[in-house]
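Analysis of the macromolecular model
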Amino acid sequence: MSQITLFPRTTSFSEIIPLPASKSESNRALVINALANGSIDNLSNLAEARDTQTMIRLLAEKGPEADVLDAGTTMRFLTAYYAVTGDVKKMTGTPRMCERPIGILVDALRTLGADITYLNKDGYPPMQLNGFTFKGNREISIRGDVSSQFISAILMVAPLLPAGLKLQITGALGSKPYIEMTLAQMKHFGIQATADWSKGSIEIPAQKYTLQPFAVESDWSGASYWYSMVALSPFEDSSLELLGLKEDSLQGDSAIKAIMEPLGVKSTYTGRGYLLTKIPAQASLAWDFTDCPDLAQTICVIAAVKDIPLTLTGLESLKVKETDRVLALQNELKKLGAALVEKEANHLYEVTGNFAAVSAIEPIETYDDHRMAMAFAPVAMQKEITLLDPSVVNKSYPSFWKHVSILLTSTL
Ligand SMILES: O=C(O)C1=C[C@@H](OP(=O)(O)O)[C@@H](O)[C@H](O)C1
Ligand SMILES: C=C(OP(=O)(O)O)C(=O)O
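Residues numbered from 1 in each chain as written. Chains lettered and ligands numbered in written order. Predicted model: local features only at pLDDT ≥ 70, side-chain atom pairs only at ≥ 80, totals over all residues. Heavy atoms only, no water.

With an unreviewed UniProt entry as reference, the protein chain is termed 3-phosphoshikimate 1-carboxyvinyltransferase, source organism Aquirufa antheringensis. The UniProt entry for the protein chain carries this comment under Pathway (unreviewed entry): "Metabolic intermediate biosynthesis; chorismate biosynthesis; chorismate from D-erythrose 4-phosphate and phosphoenolpyruvate: step 6/7." Under the UniProt heading Catalytic activity (unreviewed entry), the entry covering the protein chain gives this text: "3-phosphoshikimate + phosphoenolpyruvate = 5-O-(1-carboxyvinyl)-3-phosphoshikimate + phosphate". (UniProt positions renumbered as here; feature names shortened; annotations may be inferred.)

Structure, rendered in structure tokens:
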């Protein structure tokens, strides 16, 4: 297996990072644009992420099978897209994708009229989609605590349903900002929807998308690794400017601005992105990651290296992502002298660290998870670190190592 070793800097830095585009915004824009029969030229700054390139390829293909590889949004969004447009398609992906749940989405689509059969295990890909027959149903309820992607997937196809859709979210809702992002992008393409968050209901009448140009913003999840570089730099005058981020982002991971203030990074809008500078960090931090699960790994690593006691809630969905991220973090944080411990049955976790005691860091495993590689890379601001399978970053951020080389030397 290949690996990359990153070496610490001996000086401060003041650099510009050109950031990739958001795969979440890109994948929504691609599905909506396809539903509006638009040409891909309507969309600008689409992500280089493999998940987005896979979406582009599959939307252009007419074949009988859609292999989404390891892209969760691509699997969930295309399942709803093909189901409601009546395509006959086999949906499949990597072995891990076939362990990630999809039953909640399939049940909802079946209620609306989709003919879907599981090809292996009930509730999981692969599935065969066999067309759509409207059954007169416009009301569905859907659990919100496993993945918001099921809800986003249904919402995007809802305007095409003959009677529209009245969707009731049941139970706790995770990743809500991603649902708001979906509704905001649908609105951009002319769709009227009414969301009553106090009741967990969303109503979308039958209507047509109108074609609009759409420009994808830079990726706030990808930005988090650069916040970490600044936070972990031992030099007080280190700073980075991250390009292409907006003040009024559709992305919930823009919460990284608020999370990083107590961890020692100030964000200043520059008109073309954000300037990150160092400020004193707090002695401890508690954060709920229900709305921004993809930031949890970044923040755990920062807390471990800075030895800032961290209390985390809202990690439930981490177990069904690219890997079981809680387990992966528990294993790898040990190599930084830290521990991630579940404190109570109510899903409260704590990170405590002793990074100073670690003289040489064992190579970090990345578990086919881009965020494991990118979350641990900034540790190199303080100590040499080796990461296994570095190409894992291609899922969301193929130019990550090129951007890292702006700050750090490395050997592959
Ligand atoms: O809709 C989206 O673009 C995403 C939603 C989140 O997933 P869950 O809703 O499964 O938490 C997030 O973790 C993922 O990276 C992207
Ligand atoms: C969870 C992620 O992606 P997905 O669910 O789309 O595979 C992610 O990018 O961290």
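Having put the structure on the table, let's press on.
What follows deals with the pairing of strand β9 (residues 165-170). Side chains of β9 alternate between two faces, with L165, L167 and I169 buried and K166, Q168 and T170 left unburied. Note that strand β8 (residues 139-143) and β9 share five bridges and pair parallel. Of the residues in β9, the one forming a bridge with E139 is K166. This β-α-β element, β8 to helix α5 (residues 148-157) to β9, shows right-handed connectivity. By the bridge criterion, four bridges tie β9 to strand β11 (residues 201-204) in an arrangement that is antiparallel. Looking at β11, one finds that K166 is bridged to E203. (Buried < 20%, exposed > 50% of the residue type's maximum accessible area, 1.4 Å probe, protein only. Helix = DSSP H or I, 4+ residues; strand = E, 2+ residues; numbered from the N terminus. Pairing = 2+ DSSP bridges. Right-handed = clockwise from strand over helix to strand, strands pointing away.)

Taken together, 13 residues lie around ligand 1, and S24, R28, S147, S148 and D294 are the ones closest in. Between ligand 1 and S24 there is a distance of 2.6 Å, counted from an oxygen atom to a side-chain nitrogen or oxygen. In this structure, an oxygen atom belonging to ligand 1 sits 3.1 Å away from a side-chain N or O atom of Q149. Computed on the free molecule, ligand 1 has an accessible area of 380 Å², of which 95% lies beneath the protein chains in the complex. Taken atom by atom, the bulk of ligand 1 overlaps the largest pocket. Going through the elements one at a time, α1 (23-35) and α5 are the ones with two or more residues in the shell around ligand 1. Across the shell around ligand 1, the residue classes break down as two nonpolar, seven polar and four charged. Inspection of the shell around ligand 1 shows a minimum of three residues originating in each of domain 1 (3-20 + 218-411) and domain 2 (23-215). (Near = heavy atom within 4 Å. Polar contact = N/O pair within 3.5 Å; in protein donor to acceptor, adjacent residues only side chain to side chain. Areas by Shrake-Rupley, 256 points an atom, 1.4 Å probe, with all protein chains shown as cover. 1 Å grid on protein atoms, 1.4 Å probe; cavity = no way out; pocket = protein on both sides within 12 Å on 5 of 7 lines; lining within 4 Å. Sits in = over half its atoms within 2 Å of the grid points. Nonpolar A, V, L, I, M, F, W, Y, C, P; charged D, E, K, R; others polar. Domains from an automatic or database assignment.)

Of all residues adjacent to ligand 2, which total 14 residues, the nearest are K23, G72, R100, R371 and K395. R100 is positioned such that a nitrogen or oxygen atom in its side chain is 2.7 Å from an oxygen atom of ligand 2. Protein contacts shield 98% of the accessible area of ligand 2, which totals 300 Å² for the unbound molecule. Here ligand 2 is seated within the largest pocket. When contributions to the shell around ligand 2 are tallied by element, the ones reaching two or more residues are α3 (72-85) and α11 (370-376). Counted by class, the shell around ligand 2 contains one nonpolar, four polar and nine charged residues.

With their axes 10 Å apart at the nearest point, α1 and α3 run at an angle of 10 degrees to one another. Between α1 and α3, the interaxial angle falls into the category roughly parallel. Residues N27, R28, V31, A34 and L35 of α1 form the contact with α3, whose own contacting residues are T73, T74, F77, Y81 and T85. Class assignment of the residues belonging to the contact of α1 with α3 gives a composition of five nonpolar, four polar and one charged. (Axes fitted to C-alpha atoms, helices over the stretch in contact; angles between N-to-C directions. Parallel < 35°, antiparallel > 145°, perpendicular 65-115°, else oblique. Contact = heavy atoms within 4.5 Å.)

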